[in-house]
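Now for the letters of each chain:
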Amino acid sequence: MRSESNTEQKFPLGESLQVQEHSIYQGTGENVMETSELNPNHYPARRAAQVVQHYLNSLYGSPYQLFRLQKIDSGFAEEIKNSGRKYRLEILLSETLRNTRQKCTAEVLFPMGEGQHAPKVHTSCEELLKVNTKAEDEALYQQYKTTQSLLSAQYLPDSHGRMAPEMKPFWHLAIVASSVIMLDESTENTLYNMAQVANITQLATENDQLRFDCHTLLHDMVSQEIIHWKLLFTWSPSEGVKVLQRERLPHRHECENTN
């Protein structure tokens, strides 16, 4: 389903939580203690909706397929006893490389408890997933599976936003791999975006999987922190992206985007 509107919402930094409280003490199938209607233009709704984007990219993203949050139509937050806080959303998502759009419903549960627990996501967006990129994926895979010159690149994109066209599929792969990290690290107090690939290096192919060593920079828009991660991931058209190793690098006071 395509959207009738291309209006983009603004989510200014430092926006305070503004909700309309509707207290209810019985739910359907869940022990719902309280429900709050969210303002779609403010950060609480945006943070939950961004998690849906990371979820889709981590599962279905490829060198030629990425998903992006375009608009939030409505949202409610529910306090679920002994479980956490669940967000029910109506959002507009797009497959960015072909500009296919669909209005979707989604549920995002931020679990309660000690330590970091990845949000649990359920969404329905069948039309977006019908985009077929098998031919492009396979051609790229075959090209780099047997190459004698392993790929190596830095600063995708550079400080001026530029990127060689042949590097865009690998930028997209890095976004997919980083989406796994952004999904796992997301809380109600974070809002992650991919900022840059500091460097990416292709390693020798193993078990028919292309392998990459990658240093990515993630931007938490809430804290304004640039967070560095070192990833080892694999990709093939049949298996998708698999993150094998991850390491959060020590805090750096200066972004490496200095070229």
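Residues numbered from 1 in each chain as written. Predicted model: local features only at pLDDT ≥ 70, side-chain atom pairs only at ≥ 80, totals over all residues. Heavy atoms only, no water.

Caption draft 1: A look at the overall build of the protein. A tally of helices and strands in the protein yields three helices and 11 strands. Out of the 259 residues belonging to the protein, those deemed buried represent 46%. For the protein, the proportion of contacts with a sequence separation of at least 24, taken over those separated by at least 6, is 59%. For the protein, the computed accessible surface area is about 13,300 Å², with 46% contributed by carbon and sulfur atoms. (Helix = DSSP H or I, 4+ residues; strand = E, 2+ residues; numbered from the N terminus. Buried < 20%, exposed > 50% of the residue type's maximum accessible area, 1.4 Å probe, protein only. Contact = heavy atoms within 4.5 Å. Areas by Shrake-Rupley, 256 points an atom, 1.4 Å probe, with all protein chains shown as cover.)

Caption draft 2: Representation of the packing of helix 1 (residues 43-60) against helix 3 (residues 168-185). Remark: helix 1 packs on helix 3, axes separated minimally by 8 Å, with the N-to-C direction vectors making an angle of 135°. Classed by the angle they form, the pair helix 1 and helix 3 counts as oblique. In this structure, the crossing between helix 1 and helix 3 has a hand that is left-handed. Of helix 3, the residues touching helix 1 (which contributes Val-51, His-54, Tyr-55, Asn-57 and Ser-58) are Val-176, Ser-179, Val-180, Met-182 and Leu-183. Its residues assigned to classes, the contact of helix 1 with helix 3 shows six nonpolar, four polar and no charged. (Axes fitted to C-alpha atoms, helices over the stretch in contact; angles between N-to-C directions. Parallel < 35°, antiparallel > 145°, perpendicular 65-115°, else oblique. Left-handed = near helix turned anticlockwise from the far one by under 90°. Nonpolar A, V, L, I, M, F, W, Y, C, P; charged D, E, K, R; others polar.)

Caption draft 3: Region of the structure containing the pairing of strand 4 (residues 84-95). Burial runs high along strand 4: 10 of the 12 residues are buried. Strand direction decides the pairing type here: strand 3 (residues 67-80) and strand 4, joined by 12 bridges, are antiparallel. Across the sheet, residue Ser-74 finds its bridge partner in strand 4, namely Glu-90. Following strand 3, the chain reverses through three residues before pairing antiparallel with strand 4; Asn-82 in that reversal takes a positive phi of roughly 65°. Relative to strand 5 (residues 100-111), strand 4 runs antiparallel, the two being bridged by 12 bridges. Considered in strand 5, the bridge of Leu-93 is made with Gln-102. Between the end of strand 4 and the start of strand 5, which pair antiparallel, lie four residues, with Asn-99 showing a positive phi angle near 60°. (Pairing = 2+ DSSP bridges.)

Caption draft 4: Local environment of helix 3. Given a rise of 1.5 Å per residue, 18 residues ought to cover 26 Å, and the 25 Å separating the end C-alpha atoms of helix 3 matches this to within 8%. Ser-178 marks where helix 3 bends most, by close to 25°. The element helix 3 is extensively covered by neighbouring structure, given that 15 of its 18 residues are classed as buried. (Expected span 1.5 Å × (residues − 1). Bend = angle between axes of the 7 residues up to and from the residue.)

Caption draft 5: View of the sheet that holds strand 7 (residues 152-156). Taking strand neighbours across the sheet as the criterion, the five strands line up as 7-8-9-10-11 in an open arrangement whose pairing is antiparallel. What marks the edges here is a single partner per strand, and that holds for strand 7 and strand 11 (240-248). Neighbour-to-neighbour, the strand axes of this sheet turn through a mean angle of 20°, independent of strand direction. Sheet topology note: the strand 7/strand 8 (residues 192-206) ladder contains four bridges and is antiparallel.

Caption draft 6: Local environment of the environment of Thr-201. By the secondary structure assignment, Thr-201 is in strand 8. Classification of Thr-201 as partly exposed rests on a relative accessible area of 27%. Each C-alpha atom, one on Thr-201 and one on Phe-212, is 5.5 Å from the other, the two residues being 11 residues apart in sequence. Beyond its immediate sequence surroundings of up to four residues, Thr-201 is in contact with Leu-151, Ser-152, Arg-211, Phe-212 and Asp-213.

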